[in-house]
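Structure assessment
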Amino acid sequence: MGFNIAIDGPSGAGKSTIAKLVAKENGFIYVDTGAMYRAIALYFLDHGLEISDAKDVIGHLPEIKVGIDYENGMQQVLLGEEVVTDRLRAEAVGNIASHIAGIPEVREHLLAIQKDLAKTQNVVMDGRDIGTQILPDADVKIFLTASVDTRARRRFLELQEKGISCNLEEVKQDIADRDERDTKREVAPLKQAEDAILVDSSEMTIPEVVETISKYVKG
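Structure report, in brief. (Residues numbered from 1 in each chain as written. Predicted model: local features only at pLDDT ≥ 70, side-chain atom pairs only at ≥ 80, totals over all residues. Heavy atoms only, no water.)

Structural notes on the nonpolar core
- Grouped together as the largest cluster of nonpolar side chains are 36 residues, with contacts concentrated most on I40, I64, V66 and M125.
- Of all the secondary structure elements, the ones that give two or more residues to this core are α2 (33–46), β4 (74–79), α4 (91–100), α5 (104–120), β6 (123–127) and α6 (130–134).
- Top contributing element to this core by residue count: α2, with 9 residues.
- Core analysis: the next-biggest nonpolar cluster, separate from the first, contains 18 residues, Y30, V124, V210 and I213 among them. (Core = buried A, V, L, I, M, F, W, Y, C linked by side-chain atoms within 4.5 Å. Buried < 20%, exposed > 50% of the residue type's maximum accessible area, 1.4 Å probe, protein only. Helix = DSSP H or I, 4+ residues; strand = E, 2+ residues; numbered from the N terminus.)

A few points about helix α1 (residues 15–26)
- The end-to-end C-alpha distance of α1, which contains 12 residues, comes to 16 Å, matching closely the 16 Å that a straight helix rising 1.5 Å per residue would cover.
- Of all the positions in α1, only K15, S16, I18, A19, V22, A23 and N26 are classed as buried. Down the axis of α1, the sector holding all buried residues measures 165 degrees, keeping them to one side.
- As for α1, its buried residues are in contact with β1 (4–8), β2 (29–32), β6, β7 (140–145) and α9 (206–218).
- Of the residues trailing α1, G27 is marked for its positive phi of about 70 degrees. (Expected span 1.5 Å × (residues − 1). Arc of directions from axis to C-beta. Contact = heavy atoms within 4.5 Å.)

A few points about α4
- Regarding α4, the residues found buried are V93, G94, I96, A97, S98 and I100.
- Of the surrounding secondary structure, the elements contacted by the buried residues of α4 are α2, α3 (54–60), α5 and α8 (168–184).

Examining the sheet that holds strand β5 (residues 82–83)
- Taken together, 3 strands build an open sheet; the order of strands is β3-β4-β5 and the sheet is antiparallel. On the outer flanks of this sheet lie β3 (66–71) and β5, each paired with one strand and no other.
- Pairing between β3 and β4: 6 bridges, direction antiparallel. In the strand pairing of β4, V66 is matched with L79.
- Sitting on the sheet, α2 touches β3 and β4, and the angle it makes with β4 is about 25 degrees. (Pairing = 2+ DSSP bridges. Axes fitted to C-alpha atoms, helices over the stretch in contact; angles between N-to-C directions.)

Below, the structure is given as structure tokens:
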């Protein structure tokens, strides 16, 4: 059985960045579950498929093959045979992923891959419900959060650095809307596990967050 670290939290809290660094710091494998949902979302986006009806989404799942590979210790997400890691952070992909993640059949489609990795490897896994649903027996559970203003500002700067035109208030509203969907969805809503450690990164640097989490890992 691998040593499992679960990092949950809202959109824009920096989970992926922190989880990657914590994995590197401790010699673990990083598993970005959100990227798996984004890969499914990318399939729907690329094929111009509707997501408004859950039955339509479920009907297309057998066509969608999401895989995980590792290159120099870093996770690469495969959609079919194509590596799509670099395409998964687009806003449109994130919005679709947020909508379809609440469909039970979508979650089941990916759950086996995630659990198998956790059984055989020392992993850091991040998402919305890792500590509550996917790895309820994780050795260390972290709920990483930050204020809406902080998350919006971080996302705004990230988009600007990529040359993507955006409006700070619109980014802030998008994050608030996503929080609303994620916390109130019927299936595996975003919430802090009872035994999770709350880490608010609003006033912390990235190295400070990594150091804080790593202390719990090393005991």
